[in-house]
Amino acid sequence: MTTATRTRVLDHPAREEIRLEGVLHALSDAVRLRIVRDMAREGTELSCSFFDLPVTKSTTTHHFRVLRESGVIQQYYQGTAKLNALRRDDLDALFPGLLDSVLAAADAQSARLDG
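Residues numbered from 1 in each chain as written. Predicted model: local features only at pLDDT ≥ 70, side-chain atom pairs only at ≥ 80, totals over all residues. Heavy atoms only, no water.

A. Up close: the packing of helix α1 (residues 20-27) against helix α3 (residues 57-70). At a closest axis distance of 9 Å, the pairing of α1 and α3 adopts a crossing angle of 160°. For the element pair α1 / α3, the angle class is roughly antiparallel. Here α1 runs over α3; the crossing is left-handed. Facing G22, V23, H25 and A26 of α1, the residues of α3 in contact are V66, L67 and S70. When the residues that make up the contact of α1 with α3 are grouped by side-chain class, the tally is four nonpolar, three polar and no charged. (Axes fitted to C-alpha atoms, helices over the stretch in contact; angles between N-to-C directions. Helix = DSSP H or I, 4+ residues; strand = E, 2+ residues; numbered from the N terminus. Parallel < 35°, antiparallel > 145°, perpendicular 65-115°, else oblique. Left-handed = near helix turned anticlockwise from the far one by under 90°. Contact = heavy atoms within 4.5 Å. Nonpolar A, V, L, I, M, F, W, Y, C, P; charged D, E, K, R; others polar.)

B. View of the nonpolar core. Counting residues in each nonpolar core, the largest one holds 25 residues, and the members touching the most others are V23, I35, V36 and V72. Elements supplying a minimum of two residues to this core: α1, α2 (30-42), α3 and α5 (98-114). Excluding anything up to four places from it in sequence, I35 contacts F51, L53, H63, F64 and L67. (Core = buried A, V, L, I, M, F, W, Y, C linked by side-chain atoms within 4.5 Å. Buried < 20%, exposed > 50% of the residue type's maximum accessible area, 1.4 Å probe, protein only.)

C. View of the confidence of the model for the chain. Predicted confidence across the chain gives a mean pLDDT of 91, with 93% of residues reaching 70 or more. Contacts of residues 1-6 to residues separated by more than four positions or lying in other chains number zero contacts, the stretch itself having pLDDT below 50. (pLDDT = per-residue confidence, 0-100.)

D. Quick look at the pairing of strand β2 (residues 73-78). The pairing of β2 with strand β3 (residues 81-86) spans six bridges and is antiparallel. Considered in β3, the bridge of Y77 is made with K82. Adjacent in sequence and paired antiparallel, β2 and β3 are bridged by two residues, among which G79 carries a positive phi angle near 65°. (Pairing = 2+ DSSP bridges.)

E. Main features of α5. Across its 17 residues, α5 extends 24 Å between first and last C-alpha, which sits within 8% of the 24 Å expected from 1.5 Å per residue. Of the residues making up α5, those classed as buried are L98, L99, V102, L103 and A106. One side of α5 carries all its buried residues, which in axial view fall inside an arc of 125°. In this structure, the buried residues of α5 make contact with α1, α2, β3 and α4 (88-94). (Expected span 1.5 Å × (residues − 1). Arc of directions from axis to C-beta.)

F. Main features of the side chain of D90. Within the fold, D90 resides in helix α4. On the accessibility criterion, D90 (15% relative accessible area) is buried. Within the structure, D90 has its side chain in polar contact with the side chain of R87 (distance 2.8 Å). The residues contacting D90, other than those within four sequence positions of it, are R15 and I18. (Polar contact = N/O pair within 3.5 Å; in protein donor to acceptor, adjacent residues only side chain to side chain.)

G. Quick look at the environment of M39. Structurally, M39 is set in helix α2. Look at M39 and you get buried, because its relative accessible area is 2%. Between the C-alpha atoms of M39 and D89, which are 50 residues apart in sequence, the distance is 14 Å. Setting aside its immediate chain neighbours within four residues, M39 contacts T44, L46, F51, I73, N84, A85 and L86.

Now the structure itself:
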């Protein structure tokens, strides 16, 4: 008897399906922008547990879903952990300079408000 292995696969838009308005919507929320800033800073895949967010677990799940469905991040399972990766290559190819501009603006705003 063989044991079937069920792989959990999450839906992601293909590069050509990523829309500017969806990306801008995803980045317009402070919590989602914080997630993206953390991912850009770390430069590697991060588990959901890496993020210390000021919202409930169900709200965190919602924010990750919005980022994934808009094409900003890719999520996949490695064992029981769900890993998250910024789709920088796709975003830079479709919208050159957008991600860097948004991240720079967020950093400037944070410095202004914290300083």
